[in-house]
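Structure assessment
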2 protein chains.
Amino acid sequence: MKTRRTRQLATIHEIVATAHDHPTAEQVCDRARRRVPRISLGTVYRNLQKLEEQQQVRVVHLHDRPTRYDGMLQEHDHFLCERCGMVADLAQSREARPNWSRLYRAGYRVRAQALTFYGLCPQCRRSEERPSRAGRDSAHQQD
Amino acid sequence: MKTRRTRQLATIHEIVATAHDHPTAEQVCDRARRRVPRISLGTVYRNLQKLEEQQQVRVVHLHDRPTRYDGMLQEHDHFLCERCGMVADLAQSREARPNWSRLYRAGYRVRAQALTFYGLCPQCRRSEERPSRAGRDSAHQQD
DNA sequence: CTTTCTGCAAACTCTTTGCACTCGT
DNA sequence: ACGAGTGCAAAGAGTTTGCAGAAAG
């Protein structure tokens, strides 16, 4: 079962690798259609899964929201703004490591870890503090 | 809109508060039926949501698996065994805090954080090392 | 030519919701 | 009696899958 280089796979890979906004599968699909008009959401999911297995994209699971995909391949953490939906990459807290080795000594084997912070991004915080301006929802998030 | 003390709500609360296995909504429903036979899954979801809002239960979101509910009210982290599905509570890495204040200084406001480790629990690790014994799946998980 | 991949639509899983009825207060 | 809560079944969102035909190697 060797993986074939299809236009769909290449397109999806490039989109996720160069996007900086952690798109959802549906957003990846929309963007991919600009280049492969008849691409289907099923194909997008299948290829994202394949890329994940090959460690060419990372998956970001967020509580209650659709899964998002990330081209940043180094281990890192995330911040989700619950107001505008923006996801920021955070340098990994090297402090999580001690926990890792504590688990190891207790007999656990850790394959992966996910640390996500939930709250308000600086922009949204500002508009909350000055309740006068800016719409309540999906404020300044691109695409 | 004042909350009423119904038999369903009390039952669900008690089940989650005393369970140590992080049951899913469906498991909570099954267990609740032993006491309230006609309780429905919809009611379970509605009440779990209510309890969550009142901070009487915690929600544990796991990648790709149904959401689980936790009666442990202090902040803590989780370990998911990807083989048997068991979830362990971990004392919170106080090390996550530095990250918290770094974010604060950058203008973010953190409302919550979730740190989950994924891997093998000691029991499952042992059976992987000695591939001879023990079934491949849902090994030693209770209920 | 063989085998993987694709588009499409249907299926699935988990969760939420509308509605008429029930039960706390 | 009033209105929040319930059971039920249907709807919803997100994701997966079966299949016949397309295309990579």
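In case you missed it, the structure is sitting above this.
Residues numbered from 1 in each chain as written. Chains lettered and ligands numbered in written order. Predicted model: local features only at pLDDT ≥ 70, side-chain atom pairs only at ≥ 80, totals over all residues. Heavy atoms only, no water.

Okay, the protein's contact with DNA strand D next. Taken together, 22 residues surround DNA strand D, and among them A:Tyr45, B:Arg4, B:Thr6, B:Arg38 and B:Thr43 come closest. The sugar-phosphate backbone supplies 67% of the atoms of DNA strand D found within 4 Å of the protein. Measuring from a base nitrogen of DNA strand D, one finds a side-chain N or O atom of B:Arg46 at 3.0 Å. Contacts to DNA strand D include B:Asn47, whose side-chain N or O atom sits 3.4 Å from a phosphate oxygen. For the surface near DNA strand D, the secondary-structure elements that each account for two or more residues are helix H3 (41–53) and strand S2 (65–70) of chain A together with helix H3 (41–53) of chain B. Ranked by residue count, the leading element in the surface near DNA strand D is H3(A), at five residues. In terms of residue class, the surface near DNA strand D is built from five nonpolar, nine polar and eight charged. (Near = heavy atom within 4 Å. Polar contact = N/O pair within 3.5 Å; in protein donor to acceptor, adjacent residues only side chain to side chain. Helix = DSSP H or I, 4+ residues; strand = E, 2+ residues; numbered from the N terminus. Nonpolar A, V, L, I, M, F, W, Y, C, P; charged D, E, K, R; others polar.)

Opposite the 36 residues of chain A that make contact, chain B presents 37 residues. Three residues stand out in chain A for area buried against chain B, namely A:Tyr108, A:Arg109 and A:Phe117, and they jointly supply 19% of the buried area on that side. Where chain A packs against chain B, one counts two salt bridges. We note a salt bridge from B:Glu82 to A:Arg111, for which the minimum N-O separation is 2.2 Å. Along the contact surface separating chain A from chain B lie twelve residue pairs in polar contact (both at pLDDT 80 or more). Contributions of two or more residues to the side of chain A that touches chain B are made by strand S3 (76–81), strand S4 (87–91), helix H4 (96–105), strand S5 (109–120) and helix H5 (122–129) of chain A. In terms of residues, the side of chain A that touches chain B owes the most to one element, S5(A), which gives twelve residues. (Contact = heavy atoms within 4.5 Å. Buried area = accessible area lost by both parts, 1.4 Å probe. Salt bridge = Lys/Arg side-chain N within 4 Å of Asp/Glu carboxyl O.)

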